[in-house]
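Summary of the model geometry
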Amino acid sequence: MAHLRDAVLILVLLLALPAGARAAPLPAEFAAGLVIRFQGAPSALSALAGQNVDALRPMSGGAYVLPFDSPLPLEEARALAAQLQASGEVAAVEIDRRFTIDRLPSDAAYGQMWNLAASSAVNYGIDAPAAWDITTGDPNLVIAVIDTGVLKLHPDLAGRLLDGYDFVSDPFIANDGGGRDSDASDPGDWVSFGDIAAHPECGPFPHDSSWHGSHVSGTIAAASDNGIGIAGVNWASKVLPLRALGKCGGSLSDVIDALRWAAGLSVPGVPPNPTPARVINMSLGAPSDGGTCSPMLQAAVNDVLAAGAVVVVSAGNSRQDAALYEPANCNGVITVGASEMGGNNASYSNTGQTVEISAPGGDAARFYPGQPANLILSTVSSSRTAPQPDSWTYAAMQGTSMAAPHVTGIVSLMFSANPALGGALAVRILQDTATPFAPTAPCAAAGTCGQAGIAHAGRAVARAAGLAALLFPNDYAPAYAGPPAAPHVLTVLTAPSGDPAQTRVTIGGQPAVILSAQALPGRDALRIQPPAQPAAGYYAITVTLGGRNITFGRAVFYGQTVYLPGVRR
Ligand SMILES: [Ca+2]
Ligand SMILES: [Ca+2]
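In this report, the structure presented in the accompanying data block is examined. Source: prediction; values computed, not measured.

**A closer look at the nonpolar core**
Grouped together as the largest cluster of nonpolar side chains are 80 residues, with contacts concentrated most on Ile-334, Val-407, Met-414 and Leu-430. For this core, the element with the most residues is helix α10 (residues 400–417), which contributes nine residues. Residue-level mapping places this core at the junction of two domains, with at least three residues from each of domain 2 (133–466) and domain 3 (473–558). With near-sequence residues (within four places) excluded, Leu-430 lies in contact with Ile-334, Ile-357, Val-407, Ile-410, Val-411, Met-414, Ala-455 and Ala-460. Core analysis: the second largest hydrophobic core is formed by 32 residues, Val-142, Leu-242, Leu-245 and Leu-284 among them.

What follows is the structure, encoded as structure tokens:
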């Protein structure tokens, strides 16, 4: 019976939480409550709990709804249901599941977008629709794309772009008649035989314009649910297009300036960025001198991270260890490898332990009968050189350049769902919720898939959205700390921190001693010794996670009288 009493005590605690605690949409990984059918009268639970079953709401079929006033992680709700079932008092108990509209966009080519579809054994997509049921993006959030610029007149990018800036210093690379300027439009990056003759570094082969920045931007944030073309991962946040690449690539210095400016940091000679980005995509790379990230580039990454932005980069397409390429090997960035429809890593993708996560990049070398092309469809121009009116179209491409923007889009949705989420937590959530590579994936056998599997938008956004519900104690259920001069040890559940040892806790402005920290699925559990306080009463608790402070007022009660947090009065 001890287990059952524990279960009932948890129920009593939850019942005390006010309805305001569940204002946010409930992600699929959390349970809103239980549906119970009792063996006899529902008072059986009342007798066991001693109180509070008036919150049971009768429903059809002779069952009762027991709502949690704060969403409970699904596994905890399941455990609770199992304990109630084992009590013999209930005939049946189930999770009160959340049903949602199955939101799919109307975009004409959406059916070809296996990369955004739900993950299955034959289609390792990111399941964007599950994320869209929670959020389609915060309109005030900004995503920077450091690339070749963008086709500002493409109808499927209409309304999705901020002005941005052109950071390309070299007029030849810029191909727009000058160096840096405020026009981030992509004038084309085609290379002719004449270009190669004058610039041997551009050789050996001429090629048409890539429209690379537009393709990347479309994956992140194409105009969605508008009846034409493709859907983006994020439907509402804005893309800040920053040109750092052009004919024959771009320079480290321009990339570094664009990176700092993206996050709102100053660059000499360039006006301040009025709309700093929270997420920055860099689908670009170069072999590293000496196999380590350039110190200058690393310094810029560090500055940008300190400014609160997240940097997502492509792993590279050289079938090598991504640790040999930058910015893939820089510390603190999210390095994205490319996966393909069948759940393998793409044959061209760089791999290895510096790859934090993988995402669909396609693989033309692998064809699946009856399935869409194993490529990523996005926004481009049909022009081979400079953009022309009415040249707007879509093209299927492959590459880690196509994989990174999927992760950028997912992270932007995670921040949209939970603005307080820090970058380190976002990475851990991405990894914890990833879809494992297919069991037959060569990288699984070789151990080269990277640190985690294939990003799953639905699970990652749900986990991000639910973080606030994991924080305990909170404003609604104060923890009892005991006498002010000699408080008891408390357990504090927090959002996952990436490294619980880096978490800090203060109560009433005084540091608590963290006696132990344990990383659990979806949260960290900290055993803390609360500081002594000058007087009985309520004190605020502040948890510092990933460099961000989360404070709950009136969260810890000190006093001589035992406080029963769960009793509804
Ligand atoms: Ca220019
Ligand atoms: Ca569209």
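There is more to say, and it comes next.
**Notes on the coordination of the calcium ion (ligand 1)**
Protein-derived ligands of the calcium ion (ligand 1) are Asp-166 (OD), Asp-176 (OD), Asp-176 (OD), Gly-179 (O) and Asp-181 (OD), with the metal-ligand distances lying across 2.1 to 2.7 Å. Ordering the donors of the calcium ion (ligand 1) by residue number gives the pattern D-x9-D-x2-G-x1-D. Of the two residues, Asp-166 is situated in strand β6 (residues 165–166) and Asp-181 in the loop between α5 (171–174) and α6 (193–198); the sequence distance between them amounts to 15 residues.

**Digging into the pairing of strand β18 (residues 504–507)**
Residues Val-505 and Ile-507 of β18 are buried on one face, while the alternating residues Arg-504 and Thr-506, pointing to the opposite face, are not. Where β18 and strand β22 (residues 537–545) come together, four bridges link them in antiparallel fashion. Bridge pairing links Ile-507 to Ile-541 in β22. As defined by bridge partners, β18 adjoins strand β19 (residues 510–511) across two bridges and the pair is classed as antiparallel. The residue of β19 that forms the bridge with Ile-507 is Gln-510. Counting the residues in the hairpin turn of β18 and β19 gives two residues, including Gly-508, whose phi is positive at 60°.

**Quick word on the coordination of the calcium ion (ligand 2)**
Coordination sphere of the calcium ion (ligand 2), protein contribution only: Asp-107 (OD), Asp-156 (OD), Asp-156 (OD), Ala-223 (O), Asn-226 (OD1), Ile-228 (O) and Ile-230 (O), at 2.3 to 2.8 Å. Mapped onto the polypeptide sequence, the residues donating to the calcium ion (ligand 2) form the spacing pattern D-x48-D-x66-A-x2-N-x1-I-x1-I. Ala-223 sits in the buried class, given a relative accessible area of 10%.

**Comments concerning the side chain of His-456**
Turning to its location among the elements, His-456 is positioned in the loop between α12 (442–446) and α13 (457–465). A polar side-chain atom of His-456 sits 3.4 Å from the main-chain amide nitrogen of Gly-458. A polar contact is formed between the side chain of His-456 and the backbone nitrogen of Arg-459, at a distance of 2.9 Å. The residues contacting His-456, other than those within four sequence positions of it, are Ser-119, Ile-126, Asp-127, Thr-433, Ala-434 and Thr-435.

**Description of the packing of helix α8 (residues 252–262) against helix α9 (residues 295–306)**
For the pair α8 and α9, interaxial distance at closest approach is 9 Å and the crossing angle is 10°. With respect to α9, the axis of α8 lies roughly parallel. Contact residues: α8 offers Leu-252, Ile-256, Leu-259 and Arg-260, while α9 offers Met-296, Leu-297, Ala-299, Ala-300, Val-301, Asp-303 and Val-304. Its residues assigned to classes, the contact of α8 with α9 shows nine nonpolar, no polar and two charged.

Here is what the cut-offs are and how they apply
- Residues numbered from 1 in each chain as written.
- Chains lettered and ligands numbered in written order.
- Predicted model: local features only at pLDDT ≥ 70, side-chain atom pairs only at ≥ 80, totals over all residues.
- Heavy atoms only, no water.
- Core = buried A, V, L, I, M, F, W, Y, C linked by side-chain atoms within 4.5 Å.
- Buried < 20%, exposed > 50% of the residue type's maximum accessible area, 1.4 Å probe, protein only.
- Helix = DSSP H or I, 4+ residues; strand = E, 2+ residues; numbered from the N terminus.
- Domains from an automatic or database assignment.
- Contact = heavy atoms within 4.5 Å.
- Donors = N, O, S within 2.8 Å, 3.2 Å for Na, K, Ca; no water.
- Pairing = 2+ DSSP bridges.
- Polar contact = N/O pair within 3.5 Å; in protein donor to acceptor, adjacent residues only side chain to side chain.
- Axes fitted to C-alpha atoms, helices over the stretch in contact; angles between N-to-C directions.
- Parallel < 35°, antiparallel > 145°, perpendicular 65-115°, else oblique.
- Nonpolar A, V, L, I, M, F, W, Y, C, P; charged D, E, K, R; others polar.

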